[in-house]
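The residues making up each chain are set out below.
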Amino acid sequence: MKAVRIHRFGGPEVLTYEDAPRPQIASDELLVRVHGAGVNPVDWKIREGRLQQFLQHKLPLILGWDFSGVVEEVGSAVEGFKVGDEVYARPDIRRDGAYAEFIAVRAREVALKPKTLDHIHAAAVPLASITAWDALIKTARLEAGQRVLIHAAAGGVGHFAVQFARWRGAYVIGTASAANHDLVRELGANEMIDYRAERFEEKVKDVDVVFDTVGGDVQRRSWGVLKKGGMLVSIVDRPSEKTAEEYGVRAAYVFIEPDAEVLKQVAELIDAGVVKPVVENIFALSEARRAHELSQSGHVRGKIVLRVA
């Protein structure tokens, strides 16, 4: 099969489009013909070797843990799936990923893709939607009437977070460049802040939840906008428990695992017209290097997807 692999850690130039062995499946796995593979920041962080101490990948490695495709083969112990099923998943990040024509994936990590989406748009959903769901719904337990500040609200994770928060009945405040304000308002934001022209901490106060998708200085400036007992939840930098205690708030860090149950619920919301993915850029599998360069620019609206099949 064709795949994009890395044989060493480094910059975008280490991504190699080449022939690779077609994976063999175990009894509890599915072989899926990949139609679309989402591109996410974790892909290039792994490519650079930043997470190697934690994940201990063996090289060569196929990147990409966000996909939609069609079941090609079903393991002998698998129930509930058949050849021809259209599925999507955020598979185990410790294994070979989906920048390839085929992927072997544990059946328990897979869900039927939303019926109303094509594979390209379905491939944009799993990783970002599970991340936003885990942060806002499982961890922060966001409720109707609460106020939430979502940083980088037009980004891959942010644009799902806005829609989930709106669905929960929260008052949604987003940060984004002015060019993306209309999009984020359309997705459900009540209030927008142009992070390039305004200091969010001067515009916002007494929020119940801050969803930090940026880290660094943005996280440091976010503590003061929370009400007492509020929560800062981050997916980039682990927030300080000591700082949280000083401000009288709570802190949490989220690193997701595969979650087919969440994907089933997200598919229902998508098919009901409540949630939609935004796909701004589509590249061929062979153009993975360009996709990584764009992702690393930090100015992506919605999601980047590789067209595989």
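Residues numbered from 1 in each chain as written. Predicted model: local features only at pLDDT ≥ 70, side-chain atom pairs only at ≥ 80, totals over all residues. Heavy atoms only, no water.

K.L.:
Looking at this structure, I do not really get the sheet that holds strand β1 (residues 2-6). What am I missing?
P.N.:
Sheet strands pair by backbone hydrogen bonding; their relative direction is either parallel or antiparallel. Pairing within the open sheet is antiparallel, and its three strands lie in the order β2-β1-β4. At either margin of the open sheet sits one strand with a lone partner, and together these are β2 (15-19) and β4 (61-62). Note that β1 and β2 share five bridges and pair antiparallel. Among the inter-strand pairings, Lys2 is bridged to a residue of β2, identified as Asp19. (Pairing = 2+ DSSP bridges. Helix = DSSP H or I, 4+ residues; strand = E, 2+ residues; numbered from the N terminus.)

K.L.:
So what exactly am I meant to see when it comes to the packing of helix α4 (residues 126-139) against helix α10 (residues 260-271) here?
P.N.:
Two packed helices can be described by the angle between their axes and the distance between those axes. Remark: α4 packs on α10, axes separated minimally by 10 Å, with the N-to-C direction vectors making an angle of 100°. The angle between the axes of α4 and α10 places the two elements in the roughly perpendicular class. For the pair formed by α4 and α10, the contact residues are Pro126, Ser129, Ile130, Trp133 and Lys138 on the first element and Val262, Leu263, Gln265, Val266 and Leu269 on the second. Looking at side-chain class alone, the contact of α4 with α10 contains seven nonpolar, two polar and one charged residues. (Axes fitted to C-alpha atoms, helices over the stretch in contact; angles between N-to-C directions. Parallel < 35°, antiparallel > 145°, perpendicular 65-115°, else oblique. Contact = heavy atoms within 4.5 Å. Nonpolar A, V, L, I, M, F, W, Y, C, P; charged D, E, K, R; others polar.)

K.L.:
Can you walk me through the packing of aromatic side chains in this structure?
P.N.:
Aromatic ring pairs are described here by two measures, namely the spacing of the ring centres and the angle between the planes. Applying the stated criterion to the full structure yields five aromatic pairs. Both rings, one in Trp133 and one in Phe164, keep their centres 5.3 Å apart while their planes meet at 85°; by these two values the pair is edge-to-face. Pair noted here: Trp133 is in helix α4 and Phe164 is in helix α5 (residues 156-168), with a separation of 31 residues, a long-range link. Of the two residues, Trp133 and Phe164, both sit in the buried class. Judged by centre distance (6.2 Å) and plane angle (15°), the rings of Trp223 and Tyr247 are stacked. (Phe/Tyr/Trp six-rings, centres within 6.5 Å; stacked < 30°, edge-to-face > 60°. Buried < 20%, exposed > 50% of the residue type's maximum accessible area, 1.4 Å probe, protein only.)

K.L.:
Help me out: how do you make sense of the nonpolar core in this one?
P.N.:
Membership of the largest hydrophobic core comes to 92 residues, with the highest contact counts inside it found for Tyr99, Leu136 and Ile150. Here this core gets eight residues from one element, more than from any other, and that element is α4. Membership of the second largest hydrophobic core comes to 15 residues, among which are Leu149, Ile193, Phe200 and Leu226. (Core = buried A, V, L, I, M, F, W, Y, C linked by side-chain atoms within 4.5 Å.)

K.L.:
Is there a simple way to explain the pairing of strand β5 (residues 67-74) in this structure?
P.N.:
Both strand β3 (residues 29-39) and β5 contribute to a ladder of seven bridges, which runs antiparallel. Bridging across to β5, Val34 finds its partner in Gly69. With four bridges connecting them, β5 and strand β6 (residues 86-89) associate as antiparallel partners. Counted as the bridge partner of Val70 is Glu86 from β6.

K.L.:
How should I be thinking about the pairing of strand β9 (residues 147-150) in this particular structure?
P.N.:
Consecutive side chains along a regular strand alternate between the two faces of the sheet. Looking at chain direction, β9 and strand β10 (residues 171-176) are connected through four bridges and run parallel. Each bridged residue has a counterpart across the sheet, and for Arg147 the counterpart in β10 is Tyr171. Where the polypeptide runs from β9 across α5 and back to β10, its parallel neighbour, the crossover connection is right-handed. Examined bridge by bridge, β9 and strand β12 (residues 207-212) share three bridges and lie parallel to one another. Across the sheet, Leu149 pairs through a bridge with Val210, a residue of β12. (Right-handed = clockwise from strand over helix to strand, strands pointing away.)

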